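Architecture and fold: a report
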Amino acid sequence: MTRKSVAGTVALVLGLLLAACSPEPAPTPPPTPAPAARSTQTAPPAAKPTTKPTSAPTSKPPPPPAAKPTTKPLSKAAPAPKAEKVTVLVANLGQEGFLPHNDNMAAYKLLSAYEALWDVDPDTRELRPMLAQTLPEWSEDRKTLNVTLRQGVQFHDGWGELTAEDVKFSIEMAGRKGSVNASVRNFANARVEIQGPYKLAIRLPAPDWAWASLNMTSGRFVLPILSKKYVEKVGEQEAGNMPIGTGPFRLVKHEFGQALEFEAVPNHWRVTPDYKTLVLKVITEPGTAVSMLRTGEADIAAIPLSFVPEARTAGMEIRLQRNIGVIGIGLGGLYQPSRDTFDPNVPWVLAKDPEKALKVRKALNLAVNRQEIIDKVLNGIGGLWPVLTTPNADASMDPAWKPYPYDPEQAKRLLAEAGFPNGFETTMIQFASTGHASREIAEAVAIYWEKIGIKVKRLPMDQATHRTRQVGRKNAGFAYPAWRTYADEGTLGIVSYWSTKATGLGLQFEHPQVEELIARAQAEPDKEKRLAIIREIYKIIYENYLAVPISLEHIAIAASKKVGDWPTLTGDAWLSRFEHIKLK
């Protein structure tokens, strides 16, 4: 390596580390918490699903009088939780309106207060019953999903037994008009019929092979089961701030934008936690997280891979969660022309000259040295991947697809041919996200783009704000961190990432041909045929440079010495399953 290239690499690394460690601008102060006493209004306040509440209650309302279960509570004799506290550091808590019509998938996984109809085995990721008594039971035409619930499962704080009414209520909230749930289309298409206190039929207009797996497991948790009685009693804003569920932890305190505190449920029907108190605390700076782990103020944190050496030096145990996803950069504005927010003049869109737009997208990819980012930013823990898609999508990948090469000179020529000999101006959104090296990779790509003449403005932003912009298709002309996480099958999640009806953080682009293929894949029950359809989608993405893939992604979980056995979920991009942590 020449002295010039070495110097350039050193400068890159120093710049990236400084960017990763430098504080973000002070966020807008969180709303002042409301008094502990809570309203008992019978109707929810008028509020948009994506709007943060104006206050965050710090305690739950009193339980309803004489709440009696229909059957005896399910409970397992278990040792009392130890009088210990486990503090977990996270980058954000989502939108903090913890109801299913919001886009809170990551937050639901943090909330051990909630449970789902089905769970997944932590090792095999095979579906297994949770609140449902059996695995999904489909009719012969695959248009009806019959569900039988466990009897005796209790909601927290005396809010009664889980019944089919609660499940119907939760599904309809997720699919209602205005919902921004990541799988709103799947829920909106469902018609739920109650057939008994513990039985219901979910009827779909067409076969949807993925309905149960995509929408309802803790592996992709977008449907928490709510207490209908509780939500209707206190209103949606209150219920979203202080959710009531059936999980092994009950929420006891919510400091908006700062922390959630939970208390273990004794003799829980499924698993009784080994410790009494769980605290989720928001810390966006990895350097601060490592410091808190070192001093004993925290016990668990997902940290950027570039901070692994520092964490090990501080005496932390590092647990690698491998193959959680593929991370890269999304190119905002690849929307349908019918959108109000569509901008035909974005350099990578250029509606009047799509061939020039293709050259711009190719240039943006060729400008990036992916291997150097893996080596220097991800501490060598990563792997090249050709398409921004799930890491377990091998069956849908063509071996002929190779990662885009690093060729900055060709990138400059392509920009000139596209009409941008002096580059153009763009903005790179940067935000912290638990389990993803989002800010570090965004900064690295911005530096590479600047080397081919593009003028890149950095825009620090919290993830909740970015999510709202994504849902509203308001990122035209902006670049931003993007990823595809592990899925139980490589075809899962296609709707939330590439559909015109996508309403989640994962939205990356809209494409008419892809839309048609998505519909075909959803209706195809044969796995091999589905994979062939998805391969067509990946080919469109790959050949048209519709995103900037960087690396196969792993996350590093730093844990204090008191954290013992913790069976995390294979390929999981988020911290979860806190109820299974054993203390040493």
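The structure presented is a predicted model; accordingly, all values stated were derived computationally and were not measured. (Residues numbered from 1 in each chain as written. Predicted model: local features only at pLDDT ≥ 70, side-chain atom pairs only at ≥ 80, totals over all residues. Heavy atoms only, no water.)

For the rest of this paragraph, the subject is the overall build of the protein. A count of helices and strands for the protein gives 17 helices and 16 strands. Classification of the 584 residues of the protein by burial places 59% in the buried group. The long-range fraction of contacts in the protein, counting pairs at least 24 apart against all pairs at least 6 apart in sequence, stands at 72%. Surface accessibility of the protein: about 22,900 Å² in total, with carbon and sulfur atoms responsible for 53%. (Helix = DSSP H or I, 4+ residues; strand = E, 2+ residues; numbered from the N terminus. Buried < 20%, exposed > 50% of the residue type's maximum accessible area, 1.4 Å probe, protein only. Contact = heavy atoms within 4.5 Å. Areas by Shrake-Rupley, 256 points an atom, 1.4 Å probe, with all protein chains shown as cover.)

Packed helix pairs are specified by the crossing angle of their axes together with the interaxial distance, meaning the distance between the axes. Running from N to C, helix H16 (residues 512–523) and helix H17 (residues 527–544) point in directions that differ by 165 degrees, and their axes come no closer than 9 Å. Overall, the two elements H16 and H17 adopt an arrangement that is roughly antiparallel. Crossing hand, H16 versus H17: left-handed. In this structure, H16 contributes Gln513, Val514, Leu517, Ile518, Arg520 and Ala521 to the contact, and H17 contributes Arg530, Ile533, Ile534, Glu536, Ile537 and Ile540. (Axes fitted to C-alpha atoms, helices over the stretch in contact; angles between N-to-C directions. Parallel < 35°, antiparallel > 145°, perpendicular 65-115°, else oblique. Left-handed = near helix turned anticlockwise from the far one by under 90°.)

Counting buried positions along helix H14 (residues 463–471) gives seven out of nine residues, so the element sits mostly inside the fold. Every buried residue of H14 is accounted for by Gln463, Ala464, His466, Arg467, Arg469, Gln470 and Val471. In this fold, the buried residues of H14 make contact with strand S13 (425–430) and strand S15 (478–485). Taken from the residues just after H14, arginine 473 is the one with a positive phi, measuring 55 degrees.

Tallied over the full model, the rule gives 23 salt bridges. The closest approach of N and O atoms between glutamate 193 and arginine 203, which form a salt bridge, is 3.0 Å. Here the residue glutamate 193 occupies a position in strand S6 (residues 191–196), and arginine 203 occupies one in strand S7 (residues 199–203), the gap between them amounting to ten residues. Judged by its relative accessible area of 24%, glutamate 193 falls in the partly exposed class. Residue classification places arginine 203 among the partly exposed positions, given a relative accessible area of 25%. (Salt bridge = Lys/Arg side-chain N within 4 Å of Asp/Glu carboxyl O.)

Attention shifts here to the packing of aromatic side chains. Per the stated rule, a full pass over the model turns up twelve aromatic pairs. Plain terms: the ring middles of tryptophan 159 and tyrosine 230 are 5.0 Å apart, the flat faces sit at 65 degrees to each other, and that makes the pair edge-to-face. Pair noted here: tryptophan 159 is in the loop between strand S5 (144–148) and helix H3 (164–175) and tyrosine 230 is in helix H6 (residues 228–234), with a separation of 71 residues, a long-range link. Looking at tryptophan 159, the relative accessible area reads 4%, which means it is buried. Taking relative accessible area as the criterion, tyrosine 230 reaches 1% and is therefore assigned buried. (Phe/Tyr/Trp six-rings, centres within 6.5 Å; stacked < 30°, edge-to-face > 60°.)

Attention now moves to the sheet that holds S15. What the ten strands build is an open sheet, ordered S8-S9-S10-S1-S11-S16-S12-S15-S13-S14; its pairing is mixed. Two strands in the sheet have a free side with no partner beyond their single neighbour: strand S8 (249–255) and strand S14 (455–460). Across this sheet, the average inter-strand angle for adjacent strands is 25 degrees, counted without regard to direction. By the bridge criterion, six bridges tie S13 to S14 in an arrangement that is parallel. Paired with glutamate 425 across the strands is lysine 455, a residue of S14. In this fold helix H8 (residues 286–295) packs onto strand S1 (82–90), strand S10 (275–282), strand S11 (300–303) and strand S16 (548–559), with an angle of close to 150 degrees to the strand it touches most, S11. (Pairing = 2+ DSSP bridges.)

On to the pairing of S7. As defined by bridge partners, S5 adjoins S7 across five bridges and the pair is classed as antiparallel. Along S7, the bridge assignment pairs valine 147 with leucine 200. Pairing of S6 with S7, which is carried by five bridges, proceeds in the antiparallel orientation. Residue pairing across strands places arginine 191 opposite arginine 203, the latter belonging to S7. Connecting S6 to the antiparallel partner S7 that follows it, the hairpin turn spans two residues.

Where helix H10 (residues 354–366) contacts helix H12 (residues 408–417), the axes come no closer than 8 Å and their chain directions differ by 160 degrees. Overall, the two elements H10 and H12 adopt an arrangement that is roughly antiparallel. Judged by the sense of rotation from one axis to the other, the crossing of H10 with H12 is left-handed. Two secondary-structure elements touch here, H10 through Lys356, Lys359, Val360, Lys362, Ala363 and Leu366 and H12 through Pro408, Gln410, Ala411, Leu414, Leu415 and Glu417. Of the residues contributing to the contact of H10 with H12, the split by class is seven nonpolar, one polar and four charged. (Nonpolar A, V, L, I, M, F, W, Y, C, P; charged D, E, K, R; others polar.)

Here H10 is 13 residues long and its end C-alpha atoms lie 18 Å apart, about the 18 Å a rise of 1.5 Å per residue gives. Of all the positions in H10, only Ala357, Val360, Arg361, Ala363, Leu364, Asn365 and Leu366 are classed as buried. Residues of H10 that are buried make contact with strand S12 (317–331), helix H11 (370–376), H12, helix H13 (438–451), H17 and S16. (Expected span 1.5 Å × (residues − 1).)

What follows covers the sheet that holds S5. The strands making up a sheet are joined through hydrogen bonds of the backbone, oriented either antiparallel or parallel. Ordered by their spatial adjacency, four strands build an open sheet running S4-S5-S7-S6, and the pairing between neighbours is antiparallel. Every other strand in the sheet has two partners, leaving strand S4 (137–138) and S6 as the edge strands with one partner each. Where H3 meets the sheet, it contacts S6 and S7, and its direction lies at approximately 175 degrees from that of S6.

So, about unusual backbone geometry. One non-glycine residue, leucine 350, lies in positive phi territory at about 35 degrees. For leucine 350, the position within the fold is in the loop between S12 and H10.

Its boundaries defined by the atoms lining it, the second largest pocket holds a volume of some 380 Å³. Lining the second largest pocket are 21 residues, and of these Leu334, Val349, Arg361, His511 and Leu546 sit closest to its centre. With five residues, H10 is the largest single contributor of residues to the lining of the second largest pocket. (1 Å grid on protein atoms, 1.4 Å probe; cavity = no way out; pocket = protein on both sides within 12 Å on 5 of 7 lines; lining within 4 Å. Points joined across faces, edges and corners; volume = space filled by probe spheres on them.)

Our next topic: the environment of glutamate 261. Following the sequence through the fold, glutamate 261 ends up in strand S9 (residues 259–264). In the structure, glutamate 261 is positioned 176 residues away from lysine 85 in sequence and 9.9 Å away in space, judged by C-alpha atoms. Every residue in contact with glutamate 261, bar those within four places of it in the chain, is listed here: Arg250, Leu251, Val252, Lys253, Thr277, Leu278 and Val279.

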